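Take a look at the letters that make up each chain.
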Amino acid sequence: QVQLVESGGGLVQPGGSLRLSCEASGMISTISVMGWYRQGPRKERVPVAAITSGGGTNYADSVKGRFTISRDNAKNTVALQMNSLKPEDTAVYYCHADGYTTNLKLFDVWGQGTQVTVSS
């Protein structure tokens, strides 16, 4: 009943910037938390940043001071502004959301992922 679609990935040089976006659609009542995860080559998927409906945020230590997460509750979107990118940021980035549908059912969904490559 709920779907997520990411966009904005691409190739950037070290020190560059990129902005990812994610839009949720479907029979959504509320989205409690929206966040970004990433999975590098031969690595597990790990959390990067998350934001609550009230605007509270959490970041992985590896991205603090470089990445900023934001959301628009009215549009059911979340964005990740990534600055000062490093080669180790290279990964597939996935959007995630949990909340409740209009039928008061809990949902926990993932987007399809978008590739971010940081390289000279």
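The preceding data block contains the structure.
1. Regarding the nonpolar core
By size, the foremost hydrophobic cluster in this structure holds 30 residues, and its most contacted members are Trp-36, Leu-80, Met-82 and Tyr-93. Apart from residues lying up to four places away in sequence, Tyr-93 is in contact with Glu-6, Leu-20, Trp-36, Tyr-37, Arg-38, Val-48, Phe-67, Leu-80, Met-82, Gly-113, Thr-114 and Val-116.

2. Overview of the state of the cysteines
What the rule picks out here adds up to 1 disulfide. Put simply, Cys-22 and Cys-95 are joined by a disulfide, and their sulfur atoms are 2.2 Å apart. Here the S-S torsion is close to -85 degrees, and the disulfide linking Cys-22 with Cys-95 is therefore left-handed. A residue pair is termed long-range when its members are at least 10 positions apart, and Cys-22 in strand β3 (residues 18-26) and Cys-95 in strand β9 (residues 91-101) qualify at 73 residues. The exposure classification of Cys-22 matches that of Cys-95, with both residues buried.

3. Some thoughts on the packing of aromatic side chains
Going through the model one piece at a time under the given rule, you end up with 1 aromatic pair. When the centroid spacing of 4.8 Å and the interplanar angle of 70 degrees are considered together, the rings of Tyr-37 and Trp-110 count as edge-to-face. Highlighted residues: Tyr-37 in strand β4 (residues 28-39) and Trp-110 in strand β10 (residues 106-110), separated in sequence by 73 residues. Assessed through its relative accessible area of 37%, Trp-110 is described here as partly exposed. Taking NZ or CZ as reference, Arg-45 lies 3.6 Å from the ring centre of Tyr-94, over its face. The ring centre of Trp-110 lies 4.8 Å from the NZ or CZ of Arg-45, which sits over that ring.

4. What to know about the environment of Asn-73
Looking at the secondary structure, you find Asn-73 in the loop between β7 (67-72) and β8 (77-82). Separated by 43 residues in sequence, Asn-73 and Thr-30 have C-alpha atoms that sit 8.7 Å apart. There is a polar contact of 3.0 Å between the side chain of Asn-73 and the backbone oxygen of Ser-53. In this structure the side chain of Asn-73 is engaged in a polar contact, spanning 2.6 Å, whose partner is the side chain of Arg-71.

5. Focus: the sheet that holds β8
Here 4 strands make up an open sheet; going across it, the order is β1-β3-β8-β7 and the pairing antiparallel. At either margin of the open sheet sits one strand with a lone partner, and together these are β1 (2-7) and β7. Across the sheet, the mean angle from the axis of one strand to that of its neighbour is 15 degrees, orientation sign disregarded.

6. A look at the pattern of salt bridges
When the charged atoms of two side chains lie near each other, side chains of opposite charge can form a pair. Counted according to the given criterion, the structure contains 3 salt bridges. Here Asp-89 ties to Arg-38 by a salt bridge, and the two come within 2.9 Å at their closest N and O atoms. In this pair, Asp-89 is assigned in the loop between β8 and β9 and Arg-38 in strand β4, connecting sequence segments 51 residues apart. Where Asp-61 meets Lys-64, a salt bridge forms, and the shortest distance between an N and an O atom there is 3.1 Å. Through salt bridges that share partners, Arg-38, Arg-66 and Asp-89 make up one connected network.

The rules behind these values
Residues numbered from 1 in each chain as written. Predicted model: local features only at pLDDT ≥ 70, side-chain atom pairs only at ≥ 80, totals over all residues. Heavy atoms only, no water. Core = buried A, V, L, I, M, F, W, Y, C linked by side-chain atoms within 4.5 Å. Buried < 20%, exposed > 50% of the residue type's maximum accessible area, 1.4 Å probe, protein only. Contact = heavy atoms within 4.5 Å. Disulfide = S-S within 2.5 Å. Helix = DSSP H or I, 4+ residues; strand = E, 2+ residues; numbered from the N terminus. Phe/Tyr/Trp six-rings, centres within 6.5 Å; stacked < 30°, edge-to-face > 60°. Lys NZ or Arg CZ within 6 Å of the ring centre and 35° of its normal. Polar contact = N/O pair within 3.5 Å; in protein donor to acceptor, adjacent residues only side chain to side chain. Pairing = 2+ DSSP bridges. Axes fitted to C-alpha atoms, helices over the stretch in contact; angles between N-to-C directions. Salt bridge = Lys/Arg side-chain N within 4 Å of Asp/Glu carboxyl O.

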